[in-house]
Amino acid sequence: MAARQPQRNFFDPDIPAKLRDVVTAWPAAEASRASTPFKIEGHLTPRESLILAEIVRGNSSKEVARALDISPRTVEFHRANLLKKFGAKNTAELVRKVLS
């Protein structure tokens, strides 16, 4: 049975541009919030940026792993780091924070 390719045209085509804007503005915006209960540990690594873009597109860990030719466990590791950096409790909150 052939593997089914995810339908990518369902999502907003401006997501990569929005994500790029959010990722570049995020450290300054979060650092300026005095009431934020977490501190920014640093900027996103290039691999975290790639994984975040795939997560925002709605891909699962296995789909991200296939797209980037890495292990699903590695994706989960980077996802956990992203959740920590953005102060999100789950992936849905992470995506909400990135796109808002």
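Keep in mind the model is a prediction, meaning the values are calculated, not measured. (Residues numbered from 1 in each chain as written. Predicted model: local features only at pLDDT ≥ 70, side-chain atom pairs only at ≥ 80, totals over all residues. Heavy atoms only, no water.)

### Concerning the nonpolar core
The cut-off we apply is this: Think of a nonpolar core as a cluster: buried Ala, Val, Leu, Ile, Met, Phe, Trp, Tyr and Cys residues, connected wherever their side-chain atoms sit within 4.5 Å. Residue exposure (1.4 Å probe, protein chains only): buried if accessible area is under 20% of the type maximum, exposed if over 50%, otherwise partly exposed. Helical segments are the DSSP runs of H or I of at least four residues, strand segments are the runs of E of at least two, and each set is numbered from the N terminus.
The biggest cluster of nonpolar side chains holds 19 residues, and the ones touching the most others in it are Ile 51, Leu 52, Leu 82, Phe 86, Leu 94 and Val 98. Among the elements of the structure, α2 (46-56), α3 (61-68), α4 (72-86) and α5 (91-99) are those that each provide at least two residues to this core. Residue contributions to this core peak at five residues, all from α2.

### Comments concerning the environment of Arg 79
Condition: Only heavy atoms matter for contacts: two residues are in contact if any of them lie within 4.5 Å across the pair.
Note that Arg 79 resides in helix α4. Filtering out sequence-adjacent residues up to four positions away, Arg 79 remains in contact with Ile 55, Asn 59, Ser 60, Ser 61 and Thr 91.

### Quick notes on α4
Convention followed: Take the number of residues in a helix, subtract one, and multiply by 1.5 Å to get its expected span. The arc in question is traced by the directions running from the helix axis to the C-beta atoms. The term polar contact refers here to a pair of N or O atoms within 3.5 Å; inside protein, the definition further demands a hydrogen-donor-capable atom paired with an acceptor-capable atom, and it admits residues adjacent in sequence only when both atoms are side-chain atoms.
Its 15 residues give α4 an end-to-end C-alpha distance of 21 Å, which sits within 8% of 21 Å, the value for a rise of 1.5 Å per residue. All of the buried residues in α4 are Val 75, His 78, Arg 79, Leu 82, Leu 83, Lys 85 and Phe 86. Here the buried residues of α4 occupy an arc of 165 degrees about the axis, which is enough to place them on one side. Opposite its buried face, α4 presents the exposed residues Arg 73 and Lys 84, each directed more than 90 degrees away. Here α4 starts with a cap whose side-chain oxygen sits 3.1 Å from the backbone nitrogen of Arg 73, and that cap is Ser 71. Where α4 ends, the next residue or the one after it, Gly 87, has phi of about 70 degrees, a positive value.

### Structural notes on the pattern of salt bridges
Rules: Note on definitions: salt bridges are taken to be side-chain nitrogens of Lys or Arg within 4 Å of carboxyl oxygens of Asp or Glu.
Scanning the entire structure with this criterion turns up five salt bridges. Several salt bridges converge on common partners, so that one network encompasses Glu 93, Arg 96 and Lys 97.

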